[in-house]
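Structural description and commentary
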Amino acid sequence: AELPTVLAFQEAEKNTNVHWEVTSCLPADLGDKRGLLLSSGDYPDVLFKSFLTHKEIEKYGQQGVLIPLNNLIDQYMPNLKKLLDEKDGWQYITSGDGNIYALPELKKKGIATILFWQNNRWLEAVGMKEPTNMEEFYEVLKAFKEKDPNGNGIADEIPFEANNSVPPIYLYQYLQAMDFNTFCAVDDNDQIVYVPRTETYKEFLSWLSKFYKEGLLDKNCFSQTIDQQYAQGPSDVYGYFYSWSPSETVGATLSQGYDYTVLSPWGKNSVSATSGFSEGGMAITDKCKTPEIAAAWADQFYSEEGGILAVMGIEGKTWRWREDGKWEYMVGTEYGEDESTVRDNTTLQGSAYAPMAWPQVYFKEEYHDASNVSGSLEEDRISETCGKPFPAIQLTEKDSKRTAEITTDISDYINEYMAQVVTGKTTIEESWDSYLKQLDVMGGKEYEDIYNNAYQSMK
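Residues numbered from 1 in each chain as written. Predicted model: local features only at pLDDT ≥ 70, side-chain atom pairs only at ≥ 80, totals over all residues. Heavy atoms only, no water.

Each helix and strand counted, the chain has 19 helices and 12 strands in total. Against the globule reference of 23 Å for 459 residues, the chain gives a C-alpha radius of gyration of 24 Å, in line with a compact fold. Taken along the three principal axes of its C-alpha coordinates, the chain extends 70 × 60 × 35 Å. Across the 459 residues that make up the chain, the buried fraction comes to 51%. (Helix = DSSP H or I, 4+ residues; strand = E, 2+ residues; numbered from the N terminus. Rg over C-alpha atoms; globule rule 2.2 N^0.38 Å. Buried < 20%, exposed > 50% of the residue type's maximum accessible area, 1.4 Å probe, protein only.)

Per the counting criterion, the structure on display carries 19 salt bridges. One salt bridge in this structure joins R121 and D259, with 3.2 Å as the shortest N-O distance. Of this pair, R121 sits in helix α7 (residues 120-125) while D259 sits in the loop between α11 (246-254) and β8 (260-262), and the two are 138 residues apart along the sequence. The class of D259 is partly exposed, set by a relative accessible area of 25%. A salt bridge links E328 to R320; its shortest N-O distance comes to 3.2 Å. We classify E328 as partly exposed; its relative accessible area is 24%. (Salt bridge = Lys/Arg side-chain N within 4 Å of Asp/Glu carboxyl O.)

Leave glycine aside and you will find that most residues have negative phi; peptide bonds, for their part, are mostly trans. With phi around 55°, D236 is a residue other than glycine that occupies positive phi space. Here D236 is to be found in the loop between α10 (226-232) and β7 (238-243). Within the chain, V271 stands out as a residue other than glycine whose phi angle is a positive 70°. Inspection of the secondary structure puts V271 in the loop between β8 and β9 (277-284). Residue V271 is classed as buried on the basis of its relative accessible area of 3%.

Note that all results are geometric; they support no functional claim without further evidence.
Here it is in structure tokens:
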């Protein structure tokens, strides 16, 4: 729905006696239109839910098109200021020059990557506990392979499943929380390391090749598609697999109750977390004559009540409390016949971030029937114990360009090397030194240094 017709937006105007003239745009045209507007000089006072990217925020902020919001947050946005202090969130929205040019959307801290599910029926069948390190994980996979945990009398078990969308590298984060956008991690000495050139990665590849050789890792793990995983899953052949929810892979019948849980992190620096901060919800341009009013207006969405309005709409119109004490969206009203239409017509949710904080009531199990939301109860449990979010490292434009060049050159080489080692075409012992040398010729060490230097100076 177009913003002026959205119930939460209309209510927010009413609450504050501030009226907006809105120019809407279809998501498909937004990128082109936004770029043209900003470069032509004919842009509006405020950019709201307009998919501003990190690069654009930095670029147009430093050009003076987007104004710094630091003082406005300090003076006119008490709700947001309180949240940023409580959650230590300033670092996630501050640009390289120390200014904040866009307001964030705040969700709860979560898991940064797809979830790794464990078949608890199989664990019970082989009489073993959940593994807490690589050695124990290996022993469990071996038992899954040899002891017919699905009880069909056939050796059809695939202890560890992966595919070309979610390759086996994702398991690495159980050894060390890593940022899958940069392939970097923070080591025990608080230095940024580029994972593919570390000893931990070498050890990890050794384990993967052992799993592959002994038939514990799916032999098609680099080539098969996620759809093939979904097709095979319901026949109960997987011990561990990646999926947003277990039902997606094994079907509704197998995934009842707690037959599947996410493998718990192995220590305090295991499994990557998100900060919960997404930048780009709203920016104020230098055309705006009253930026303090725009900032104060947006601040309403950073309170619990404002968050409820932004995410759930209005009680009694778009959502209601049920008799069991939980809430639900109201369907079959003037706002829509199904939940997604109701959300679309009445809330600020959507693919583009908005300036808001998701309310506590949305996530709490005692209020929201979350059992069907892609493993969100499991996400809550795991996010309590997973590693710290990767630091928000701001690179200069020059460094950002250089790291992008290096990544383009290097990523195929890393993937090829992994596949060769894991499938046994070469061994770690005979190839690691020359792989490392080649990696650095292609810019591996330089890449690591760029991120580490930026991180150290940021600290």
